[in-house]
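Take a look at the letters that make up each chain.
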Amino acid sequence: MKIALDAMGGDHAPDEIVKGAIEAAPHLHHSVLLVGDPDRIAALLPSPCPPNLSIHPASQVVEMHEKPLEALRKKKDSSMAVGVDLVKRGEAHVFVSAGNTGAASAASLLSWRQMHGFHRPAIASEIPNYHGKFLLLDAGASPDVDPEHLVEFALMGRAYATQVMGKVEPKVHLLNIGEEEGKGSSFAKQAYALLARHSWFAGNIEGKDMFANPCDIVVCDAFVGNIVLKTSEGVAELIMKLVKEQVPSNPVAKLPYLPLKKVFAPLRKRMDYAEVGGSPLLGLNHLCIICHGRSSSRAIMNALLLAQRTLDHELLESLRTSVEQELNFIS
């Protein structure tokens, strides 16, 4: 199967994107289509090139600052538009991009449309906590939703957590301002009532408890979810920066701190977004992995490995099954 990679999307494209593909190549049993400027991409590839990497031309680039719909309308041959179209035509099976998130989401939605039974797409982000990782969705795709859509997000999350994260019978929490039933806005109360019809619903959860307590999946609208995601990233970076500042720059004075490197190295790895690589956009007829705009080669490598896992574990089929079961449950 083939993974279409937007080689021109991201703050460090195409250098870090192509480098990430090269690093991922030995670990992939699927092939990668590097979509973008053939000359710029070819100049970054080694000789001989890994056999599972190839170039698919695209003459334009959707820049990070551009308005998504306007850019997609004007740039029909952008690496993003071409990559999405490759998946639509069956020439690739999943699309990966560190480019303009709004444009990637819009291009995927307009080209692929929603999967039957799902009305809004959602970005599912793996976030570290004290007990491992939990899945947050929606982390940025659909800010204006109805309470019913959070049930759809829960179904998406359970399929992903089961198939890709290896969680058994994952439970779903609703992000709220208090644990008790009846807390929150009118929207939250309506969502709670709909979610409570299902045995896998575990009630409300507060923001602080997502990181301290065991939890599998947390659902919310994209406005709240994206703030949570970016705040989490900011706090993680602050902690690591403060830790680093405590270590003296003088080699002699640094000696007493060297044993702490073994303590902080795993912590840094757990808190680094590059270790996950990207977040899938779920609820559409095909899969898009959305990466951080400032993705490094390591982040791209891990995003490609994530894309491979979604293919190997037949995530799309699992999503279809979950929504069919929900529709039968409702009827």
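Everything that follows concerns the structure shown earlier in this document.
None of the values given here were measured: they were computed from a predicted structure. (Residues numbered from 1 in each chain as written. Predicted model: local features only at pLDDT ≥ 70, side-chain atom pairs only at ≥ 80, totals over all residues. Heavy atoms only, no water.)

In this section: the overall build of the chain. Of the regular secondary structure elements, the chain holds 13 helices and 12 strands. In terms of C-alpha radius of gyration, the chain reaches 20 Å, essentially the compact-globule figure of 20 Å for 331 residues. With the principal axes as the frame, the chain shows a C-alpha extent of 60 × 60 × 35 Å. Put simply, of all contacts in the chain between residues at least 6 apart along the chain, 71% involve residues at least 24 apart. (Helix = DSSP H or I, 4+ residues; strand = E, 2+ residues; numbered from the N terminus. Rg over C-alpha atoms; globule rule 2.2 N^0.38 Å. Contact = heavy atoms within 4.5 Å.)

Next up on the list: a negative patch on the surface. Together, Asp 312, Glu 314, Glu 317 and Glu 324 line one region of the surface with negative charge. Within the secondary structure, Glu 324 sits in helix H13 (residues 315-330). (Patch = residues over 30% accessible without salt bridge, like charges linked within 9 Å, V, L, I, M, F, W, Y side chains within 5 Å. Areas by Shrake-Rupley, 256 points an atom, 1.4 Å probe, with all protein chains shown as cover. Salt bridge = Lys/Arg side-chain N within 4 Å of Asp/Glu carboxyl O. Lys, Arg positive; Asp, Glu negative; His and termini not counted. Charge placed at Lys NZ, Arg CZ, Asp CG, Glu CD.)

Further remarks concern the side chain of Lys 75. Of note, Lys 75 is situated in the loop between helix H3 (68-74) and helix H4 (79-88). Only 2.7 Å separates the side chain of Lys 75 from the backbone oxygen of Val 61, close enough to count as a polar contact. For Lys 75, the side chain forms a polar contact with the side chain of Glu 66, separated by 2.7 Å. For Lys 75, the contacting residues outside a window of four places in its chain are Gln 60, Val 61, Val 62, Glu 63, Glu 66 and Ala 81. (Polar contact = N/O pair within 3.5 Å; in protein donor to acceptor, adjacent residues only side chain to side chain.)

This part covers the packing of helix H6 (residues 147-163) against helix H7 (residues 186-195). Where H6 meets H7, the axes come as close as 8 Å, and the angle between the chain directions of the two elements is 50°. The angle between H6 and H7 places the two elements in the oblique class. Regarding H6 and H7, the two cross each other, and that crossing is right-handed. Of the residues in H7, those touching H6 at Pro 147, Glu 148, Leu 150, Val 151 and Ala 154 are Phe 187, Gln 190, Ala 191, Leu 194 and Leu 195. Each residue belonging to the contact of H6 with H7 can be placed in one class, and the counts come to 8 nonpolar, 1 polar and 1 charged. (Axes fitted to C-alpha atoms, helices over the stretch in contact; angles between N-to-C directions. Parallel < 35°, antiparallel > 145°, perpendicular 65-115°, else oblique. Left-handed = near helix turned anticlockwise from the far one by under 90°. Nonpolar A, V, L, I, M, F, W, Y, C, P; charged D, E, K, R; others polar.)

Before going further, it helps to spend a moment on the pattern of salt bridges. What the rule picks out here adds up to 9 salt bridges. Residue Arg 158 is joined to Glu 169 by a salt bridge in which the shortest nitrogen-to-oxygen separation is 3.6 Å. One end of the pair, Arg 158, is in helix H6; the other, Glu 169, is in the loop between H6 and strand E8 (172-175), with 11 residues separating them in the sequence. Three or more residues joined by partner-sharing salt bridges are found here, namely Asp 85, Arg 89 and Glu 91.

With that settled, consider the side chain of Asp 216. Secondary-structure assignment places Asp 216 in the loop between helix H8 (207-212) and strand E10 (217-219). Non-local contacts of Asp 216, meaning those with residues more than four positions away in its chain, are made with Phe 134, Leu 135, Lys 167, Pro 170 and Lys 171.

Our next topic: unusual backbone geometry. Between Ala 13 and Pro 14 the backbone carries a cis peptide bond, its omega angle lying at -5°. Assignment of secondary structure puts Pro 14 in the loop between strand E1 (2-6) and helix H1 (15-24). Geometrically, the link from Leu 137 to Asp 138 is a cis peptide bond, its omega value of 15° lying close to zero. Relative to the elements of secondary structure, Asp 138 occurs in the loop between strand E7 (132-137) and H6. Residues other than glycine seldom take positive phi values, yet Arg 113 does so here, at roughly 65°. Looking at the secondary structure, you find Arg 113 in the loop between helix H5 (101-112) and strand E5 (122-123). The class of Arg 113 is partly exposed, set by a relative accessible area of 43%. Even without being glycine, Glu 314 reaches a positive phi, approximately 50°. (Buried < 20%, exposed > 50% of the residue type's maximum accessible area, 1.4 Å probe, protein only.)

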